[in-house]
Amino acid sequence: MSDALSSRSMFYPMSATVVLIASIFALTTRTAPVHSAPPIHASRAVADASPNYTRDIAPILLHSCASCHRPGASAPFSLLTPHDAQKRAAQIAELTRIRYMPPWLPEPGHGDFAGDRRLTDAQIRKIADWVKAGAPEGPRSLTPTPPSPKDWPLGPPDLIVRMAQPFSFGAADEAQCRSFLLPKRLTQDRYLRAVDFRTGAPGVVRHASLFIDGSDKARRLQQQSGAVGWTDFSGSAGPERRRIGEWAVGREPSRFPKGTAALLKRKDDLVLQLRFQPDGRQVQERSEIALYFASSPADAPESVALGNAWVNLRPNEVAAVTDSFTLPVAARIHAVSPHAEMMCRSITADATLPTGAVTPLLSIPQFNLDWAEPLRYRSPVDLPAGTRITVTLKYDNSAGNPRNAEGVPMVAAPGFGCTDEFAGVEFQITAAQPRDASALSKVLAARGATYVIKSSGATGHG
């Protein structure tokens, strides 16, 4: 079912998704109208037994839907009030029944992630029963107060950094990834413990990454551009580039693991990379970045990038990218971030312990670029030295892949552009013992990072 609902356009995935959702809304509105509310003389026992919005439905929507379905966010409508939800009650019931909404890519049992938006079977039944009962509101005095869209979830930031100028993205523009040099006004070196992001163009801006550039590469790229930002998917390609924050639709703020932080030197540059997807609107984007400083110096977590490959797919070609890395010391995995494009069908990651036992780290059986996001484990995954981490990304450039434009296989060129194909799974890790941090850092620094996949098969190195 989810494949049938996946976006089919190579260049307009979000727009296609919205159209498909709208089609389902129209269908369910015709075939599953909300029933009239029960008469007010119904027995109190029946009324108490039936779900209502304030007691039963609002907590579900606020937890799993409100990050997107609120004013100013990426979804096409809000679900923060009883009236909002009642208007679309039948549609909510249908889309949750088929588990198209709320979107959540990871498969259960392959990593326990914070921010899991999946609904339980009981929650789905409760929504269905609420609709059957006429979508009653319940006591207004008990209606939960939704968070203000003006509030930063982590509280007031220590520093807010804004794009120097707005960037204009046209209604007919093609998808693109664009980088921007940010002014930061630091008077001293600081350590970052968390980063949050706020877009001025929700629904058009689909993904954001924040980098620290310790070279002058970003400044030179901006000077050469002569415009607002520059087209360069890798952000700033300087040798000292470090990703310190990542955001996707519905995503929580980026927080560093407890006891770690990223050093932001006074002279460093901040580079913001945004992914734009057209939705028929002309927008002016001027993002805001919230920075939260640590109270004391700390080491930064390490990054292990696997399958970091350019994928070159011929028409009708099916291929797999496999990569692995063996931990030189005992380590803790804190987060994982999958990166791929339209032709990717599935992503898996597993840890094979020295004993031969396998710990599943991630499984996305039906990858969808629209809903891809960085994932933070609810508790760190502890792995002993000698553990081998393996990732596999499978690609399908055949007519059977619904993400092929109009169902026609096309040449999928390699690269890091928004319509190029690449493969990557990035893990955020720390050494289990502080004394091993230096050894882990040296091994990762010496490890190569880039591959070119020219045909079917697997590539990787340990």
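A short tour of the structure in this document, coming up. Just so it is clear, the model here is predicted, and its values are computed rather than measured.

**Examining the overall build of the protein chain**
- Helices and strands together make up the secondary structure of the protein chain, namely eight helices and 20 strands.
- Counting every position in the protein chain, which comprises 462 residues, the buried fraction comes to 50%.
- A fraction of 83% describes how many contacts in the protein chain between residues 6 or more apart in sequence connect residues 24 or more apart.
- Per element, the accessible surface of the protein chain, about 20,800 Å² overall, is 54% carbon and sulfur.

**Considering the environment of Glu137**
- Counting through the fold element by element, Glu137 comes out in the loop between helix 6 (121–132) and strand 1 (159–162).
- Apart from residues no more than four positions distant in its own chain, Glu137 is found in contact with Asn52, Tyr53, Thr54, Pro82 and Gln86.
- There is a polar contact of 2.9 Å between the side chain of Glu137 and the side chain of Arg140.

**Overview of the packing of helix 3 (residues 53–64) against helix 6**
- As a packed pair, helix 3 and helix 6 sit with axes 10 Å apart at the nearest point and diverge in direction by 130°. As far as their axial angle goes, helix 6 and helix 3 are oblique. For the pair helix 3 and helix 6, the crossing hand works out as left-handed. Mapping the contact onto sequence places Tyr53, Asp56, Ile57 and Ile60 in helix 3 and Gln123, Lys126, Ile127 and Trp130 in helix 6.
- Here the contact of helix 3 with helix 6 is built from residues that sort into five nonpolar, one polar and two charged.

**Some thoughts on the packing of aromatic side chains**
- One pass over the full model with this rule turns up five aromatic pairs.
- Arranged with centres 5.2 Å apart and planes meeting at 55°, the rings of Phe167 and Phe276 form a pair that is tilted. One end of the pair, Phe167, is in strand 2 (residues 167–169); the other, Phe276, is in strand 9 (residues 269–276), with 109 residues separating them in the sequence. Like Phe276, Phe167 is buried.
- An aromatic cluster of at least three residues, connected via ring pairs, comprises Phe167, Phe169, Phe180 and Phe276.
- The side chain of Arg88 reaches across the aromatic face of Phe77, ending 4.1 Å from its centre.
- The aromatic ring of Trp152 is capped on one face by Arg198, whose charged end is 3.9 Å from the ring centroid.

**Side note on the pattern of salt bridges**
- Applying the stated rule across the entire model yields 19 salt bridges.
- The partner of Arg162 in a salt bridge is Glu288, with the nearest N and O atoms 2.7 Å apart. Placement of Arg162 in strand 1 and of Glu288 in strand 11 (residues 288–293) is noted, with a sequence separation of 126 residues between them.
- Since its relative accessible area comes to 41%, Arg162 is described here as partly exposed.
- Overall, the relative accessible area of 17% leaves Glu288 in the buried class.
- In the salt-bridge network here, residues are joined through shared partners; they are Arg55, Asp56 and Lys126.

**What about the sheet that holds strand 9?**
- Taken together, the four strands give an open sheet; going across it, the order is 3-9-5-6, and neighbouring strands pair in antiparallel fashion. Both outer strands of the open sheet, strand 3 (176–182) and strand 6 (242–248), are each paired with one neighbouring strand and no more. When strand polarity is set aside, the average angle formed by the axes of neighbouring strands in this sheet is 20°.
- Here strand 5 (residues 205–213) pairs with strand 9 via eight bridges, running antiparallel. Counted as the bridge partner of Ala208 is Leu274 from strand 9.
- This element, helix 7 (residues 217–225), spans strand 3, strand 5 and strand 9 of the sheet and lies at about 110° to strand 3.

**Thoughts on the side chain of Arg178**
- Along the chain, Arg178 turns up in strand 3.
- A distance of 2.8 Å separates a polar side-chain atom of Arg178 from the backbone oxygen of Val228.
- Once residues within four sequence positions are removed from consideration, Arg178 is found in contact with Phe167, Ser225, Ala227, Val228, Gly229, Trp230, Thr231, Leu272, Gln273, Leu274 and Phe276.

What counts and how
Residues numbered from 1 in each chain as written. Predicted model: local features only at pLDDT ≥ 70, side-chain atom pairs only at ≥ 80, totals over all residues. Heavy atoms only, no water. Helix = DSSP H or I, 4+ residues; strand = E, 2+ residues; numbered from the N terminus. Buried < 20%, exposed > 50% of the residue type's maximum accessible area, 1.4 Å probe, protein only. Contact = heavy atoms within 4.5 Å. Areas by Shrake-Rupley, 256 points an atom, 1.4 Å probe, with all protein chains shown as cover. Polar contact = N/O pair within 3.5 Å; in protein donor to acceptor, adjacent residues only side chain to side chain. Axes fitted to C-alpha atoms, helices over the stretch in contact; angles between N-to-C directions. Parallel < 35°, antiparallel > 145°, perpendicular 65-115°, else oblique. Left-handed = near helix turned anticlockwise from the far one by under 90°. Nonpolar A, V, L, I, M, F, W, Y, C, P; charged D, E, K, R; others polar. Phe/Tyr/Trp six-rings, centres within 6.5 Å; stacked < 30°, edge-to-face > 60°. Lys NZ or Arg CZ within 6 Å of the ring centre and 35° of its normal. Salt bridge = Lys/Arg side-chain N within 4 Å of Asp/Glu carboxyl O. Pairing = 2+ DSSP bridges.

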